[in-house]
Amino acid sequence: MNILLIGSGGREHAFAYKLAQSKLCKQLFIMPGNAGTTQFGQNVKINPNDFAAVGQFSLENKIDLVIVGPEEPLVLGLRNYFEENENLKNTLFVGPDKMGATMEASKDWSKAFMYKNNIPTAAYKTFTSQNLEEGLEYLKTQKMPIVLKADGLAAGKGVLICQTLEEATSELQQMINDKKFGAASAKVVIEEFLSGIELSVFVLSDGNSYKILPTAKDYKRIGEGEMGLNTGGMGAISPVPFANDVFMQKVIDNIIEPTVQGLKNESIKYVGFIFVGLIKVGEEPMVIEYNCRMGDPETEAVLPRIETDFVELMVATAKGELQNIDLKISDKTTATVMMVSAGYPGDYEKGKVMTGFESVADSLLFHAGTSLNSNNEIVTNGGRVLAITSFGNSVNEAVSTSLANANKINYDGKYFRRDIGFEFL
Ligand code: AMP
Ligand code: GLY
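So, a few notes on the structure that sits alongside this text.

Rules used throughout
- Residues numbered from 1 in each chain as written.
- Chains lettered and ligands numbered in written order.
- Predicted model: local features only at pLDDT ≥ 70, side-chain atom pairs only at ≥ 80, totals over all residues.
- Heavy atoms only, no water.
- Helix = DSSP H or I, 4+ residues; strand = E, 2+ residues; numbered from the N terminus.
- Rg over C-alpha atoms; globule rule 2.2 N^0.38 Å.
- Buried < 20%, exposed > 50% of the residue type's maximum accessible area, 1.4 Å probe, protein only.
- Lys, Arg positive; Asp, Glu negative; His and termini not counted.
- Charge placed at Lys NZ, Arg CZ, Asp CG, Glu CD.
- Near = heavy atom within 4 Å.
- Polar contact = N/O pair within 3.5 Å; in protein donor to acceptor, adjacent residues only side chain to side chain.
- Areas by Shrake-Rupley, 256 points an atom, 1.4 Å probe, with all protein chains shown as cover.
- Nonpolar A, V, L, I, M, F, W, Y, C, P; charged D, E, K, R; others polar.
- Pairing = 2+ DSSP bridges.
- Axes fitted to C-alpha atoms, helices over the stretch in contact; angles between N-to-C directions.
- Contact = heavy atoms within 4.5 Å.
- Core = buried A, V, L, I, M, F, W, Y, C linked by side-chain atoms within 4.5 Å.
- Phe/Tyr/Trp six-rings, centres within 6.5 Å; stacked < 30°, edge-to-face > 60°.
- Parallel < 35°, antiparallel > 145°, perpendicular 65-115°, else oblique.
- Salt bridge = Lys/Arg side-chain N within 4 Å of Asp/Glu carboxyl O.

**Looking at the overall build of the protein**
Right, on to step 1. Helix and strand counts for the protein come out as 12 helices and 22 strands.
Right, on to step 2. Over its C-alpha atoms the protein spans a radius of gyration of 21 Å, differing by no more than 12% from the 22 Å that the globule rule assigns to 425 residues.
Right, on to step 3. Projected onto the principal axes, the alpha-carbon positions of the protein cover approximately 60 × 50 × 45 Å.
Right, on to step 4. Among the 425 residues that make up the protein, the fraction classed as buried is 58%.
Right, on to step 5. Across the protein, the mean location of the 40 positive side-chain charges is 2 Å away from that of the 52 negative side-chain charges.

**Things to note about the site of ligand 2**
Right, on to step 1. Contacts to ligand 2 come from Asp218, Gly232, Phe275, Arg293, Gly295, Asp296, Pro297 and Glu298.
Right, on to step 2. Taking Gly232, its main chain carries an N or O atom lying 3.4 Å from a nitrogen atom of ligand 2.
Right, on to step 3. Contact distances for ligand 2 include 2.9 Å between a nitrogen atom and a backbone N or O atom of Asp296.
Right, on to step 4. Protein chains bury 86% of the 200 Å² of accessible surface belonging to ligand 2 in isolation.
Right, on to step 5. Among the residues making up the shell around ligand 2, the classes are represented as 2 nonpolar, 2 polar and 4 charged.

**Comments concerning the sheet that holds strand 9 (residues 188-192)**
Right, on to step 1. Read from one edge to the other, the open sheet built from 4 strands follows the order 6-9-7-8, with strand pairing classed as antiparallel. The outermost strands of the open sheet, each flanked by one partner alone, are strand 6 (124-127) and strand 8 (159-162). In this sheet, adjacent strand axes meet at a mean angle of 20° when their direction is disregarded.
Right, on to step 2. Two elements, strand 6 and strand 9, share 4 bridges in a ladder whose sense is antiparallel. Along strand 9, the bridge assignment pairs Thr126 with Val189.
Right, on to step 3. Against the sheet, helix 7 (residues 132-140) touches strand 6, strand 7 (146-150) and strand 9, its axis set at about 155° to strand 6.

**Topic: the side chain of Thr259**
Right, on to step 1. Mapped onto the elements, Thr259 comes out in helix 9 (residues 245-265).
Right, on to step 2. When residues no more than four places from it in sequence are discounted, the contact partners of Thr259 are Met103, Phe113, Ile119 and Tyr290.

**Re the sheet that holds strand 1 (residues 2-7)**
Two strands in a sheet stick together by hydrogen bonds in their backbones, pointing the same way (parallel) or opposite ways (antiparallel).
Right, on to step 1. One open sheet accounts for 5 strands, arranged 3-2-1-4-5; its pairing is parallel. Sheet topology places strand 3 (42-43) and strand 5 (92-94) at the edges, where each strand pairs with a single neighbour.
Right, on to step 2. The pairing of strand 4 (residues 65-68) with strand 5 spans 3 bridges and is classified as parallel. Bridge assignment links Ile67 to a residue of strand 5, and that residue is Val94.
Right, on to step 3. Running at roughly 165° to strand 1, helix 1 (residues 10-20) makes contact with strand 1, strand 2 (27-32) and strand 4 of the sheet.
Right, on to step 4. On top of the sheet, helix 11 (residues 310-319) reaches strand 1, strand 4 and strand 5; it is set at about 100° to strand 5, its chief contact.

**Remarks on the nonpolar core**
Right, on to step 1. By size, the foremost hydrophobic cluster in this structure holds 67 residues, and its most contacted members are Leu4 and Tyr290.
Right, on to step 2. With 8 residues, the top contributor of residues to this core is helix 9.
Right, on to step 3. If near-sequence neighbours (up to four positions away) are discounted, Leu4 is found in contact with Phe29, Met31, Val54, Phe57, Ser58, Ile63, Leu65, Val66 and Ile67.
Right, on to step 4. Judged by nonpolar contacts, the second largest core, of 32 residues, contains Ile67, Ala216, Met294 and Val311.

**A look at the packing of aromatic side chains**
Right, on to step 1. Taken as a whole and assessed by the stated rule, the structure comprises 17 aromatic pairs.
Right, on to step 2. Look at Tyr81 and Phe82: their rings are 6.5 Å apart centre to centre, the planes differ by 70°, and that puts the pair in the edge-to-face class.
Right, on to step 3. Overall, Tyr81 belongs to the partly exposed group, its relative accessible area being 26%.

**What about the packing of helix 1 against helix 11?**
Right, on to step 1. One way to put it is that helix 1 packs onto helix 11 with a least axis distance of 7 Å and a crossing angle of 100°. When the interaxial angle is binned, helix 1 and helix 11 end up roughly perpendicular. Where helix 1 approaches helix 11, its residues Phe15, Lys18 and Leu19 are matched on the opposing element by Phe310, Val311 and Met314.

**Considering the site of ligand 1**
Right, on to step 1. Close to ligand 1 lie 14 residues, the nearest being Glu191, Glu192, Leu194, Glu198 and Glu289.
Right, on to step 2. Note that a nitrogen atom of ligand 1 is positioned 3.0 Å from one of the side-chain N or O atoms of Lys149.
Right, on to step 3. One nitrogen or oxygen atom from the side chain of Lys220 is found 3.0 Å from an oxygen atom belonging to ligand 1.
Right, on to step 4. Surface burial for ligand 1 is 88%, taken as the share of its 470 Å² of free accessible area covered by protein chains.
Right, on to step 5. Counting residues per element, the ones that place at least two in the shell around ligand 1 are strand 7, strand 8, strand 9 and strand 17 (284-291).
Right, on to step 6. Tallied by class, the residues present in the shell around ligand 1 amount to 7 nonpolar, no polar and 7 charged.

**With respect to the pattern of salt bridges**
Right, on to step 1. By the definition in use, this model includes 22 salt bridges.
Right, on to step 2. When the shortest N-O distance is used, the salt bridge between Glu266 and Lys116 registers 2.7 Å. Here Lys116 lies in helix 6 (residues 107-116) and Glu266 lies in the loop between helix 9 and strand 16 (271-281), a separation of 150 residues in the sequence.
Right, on to step 3. A relative accessible area of 26% places Glu266 in the partly exposed class.
Right, on to step 4. Between Lys280 and Glu283 there is a salt bridge whose closest N-O contact spans 3.9 Å.
Right, on to step 5. Taken together, the salt bridges that share partners define one network made up of Glu71, Glu104 and Arg293.

**Some thoughts on the side chain of Ser200**
Right, on to step 1. Within the secondary structure, Ser200 is located in strand 10 (residues 197-206).
Right, on to step 2. We classify Ser200 as buried; its relative accessible area is 6%.
Right, on to step 3. At 3.4 Å, the side chain of Ser200 forms a polar contact with the side chain of Glu298.
Right, on to step 4. Contact partners of Ser200, with chain neighbours within four places excluded, come to Thr215, Ala216, Phe275, Val276 and Glu298.

This is a description of form; function is not addressed.
Here's what the structure looks like:
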């Protein structure tokens with residue numbers, strides 16, 4: 001079949017790798033893709049948010065299956081566009097509609113959803129310019145630290161953990177009055193701070209049934225020991241050692257089942273990935289957030305462990321036939337180390353020539369922010385540049401292989417964390 005994959009990061013390179021392995025994949029297009037995805041398919045220079053152009057491309061290229069990587073086209077309603085178009089509505093599509101994507105697009109909506117469905121999560125209240133004074137009073141009654149979250153999408157920057165009442169007061173005013181995160185912070189969720197260890201659980205839902213994909217833990221801070229600024233993610237491991245059967249049964253009973261049932265109750269036919277960001281508080285899983293897509297770099301660690309034919313899995317999802325799928329997962333551990341540009345997550349330079357690819361052994365390389373220059377050399381083209389994933393019999397083994405290969409890749413200003421998986425070594 002002809003497949004259109006939307007996105008341009010390491011996540012999409014990992015999707016392309018899995019899709020291209022399948023005998024069912026005839027032609028693979030990646031929109032817009034990166035220098036790595038051309039290894040498995042043809043990059044298409046169309047902006048995925050230009051729905052008319054995506055639709056026209058799909059018709060012209062007889063696309064049978066669309067898979068969406070990032071949240072933005074979903075939040076803007078790409079699935080709805082396909083469903084409402086006579087010529088496109090039969091295209092198989094993995095990714096929720098606009099309503100389903102609200103799980104990620106509105107923190108206020110998703111918190112209300114969790115409360116309604118008795119899903120364990122931090123206590124919260126939501127404020128806007130209408131009741132800002134009440135919000136400032138509310139802060140005075142709360143324990144510090146406290147968490148302030150822009151309701152809308154803020155490119156991963158909309159969550160602030162405030163240590164003092166003064167800081168929280170000032171930030172709440174900046175978010176609502178000064179539009180610190182634009183329209184996204186016109187509404188702010190004030191949330192109790194939870195203390196524990198985080199992990200991600202991924203659910204593949206076909207609207208009727210679901211499958212649980214491997215767990216992963218990502219490492220968000222720029223510095224070793226989880227210090228410094230937040231990033232898109234500096235590495236990941238899968239599975240998460242403490243997510244044993246007892247813990248996962250709690251996740252299923254208290255979180256996944258009520259989430260899937262809750263979506264049905266809202267008449268949302270959710271076809272796609274649900275990324276459940278969890279925190280283990282004591283022995284209990286609680287939800288930090290939902291995303292309507294896979295995580296990045298978690299995908300680069302999770303997908304290589306899926307042994308079931310990936311196109312078959314995506315088709316079954318799109319057709320509502322997941323109950324027929326026998327999901328096979330490798331029992332090996334994977335570790336992903338993300339190589340980034342000097343300066344990231346602040347300002348960084350692009351266009352640094354990358355070398356050493358040919359000496360890499362025993363790892364998968366997923367390009368995140370790369371492109372080809374006019375001499376056809378691979379150059380850096382983003383903050384996060386390259387994800388290196390390795391298998392191992394332990395976290396230690398998998399991480400060591402990824403690090404050994406990260407040492408072989410060179411470019412001006414390269415940086416990566418050497419302590420991915422540190423809690424589990
Ligand atoms: P989010 O954008 O919702 O993923 O939040 C970003 C990060 O903020 C999370 O990965 C957590 O590390 C942290 N965070 C969010 N909510 C809370 C909370 N209620 N308690 C403690 N940390 C939180
Ligand atoms: N790695 C976190 C995310 O994809 O949102």
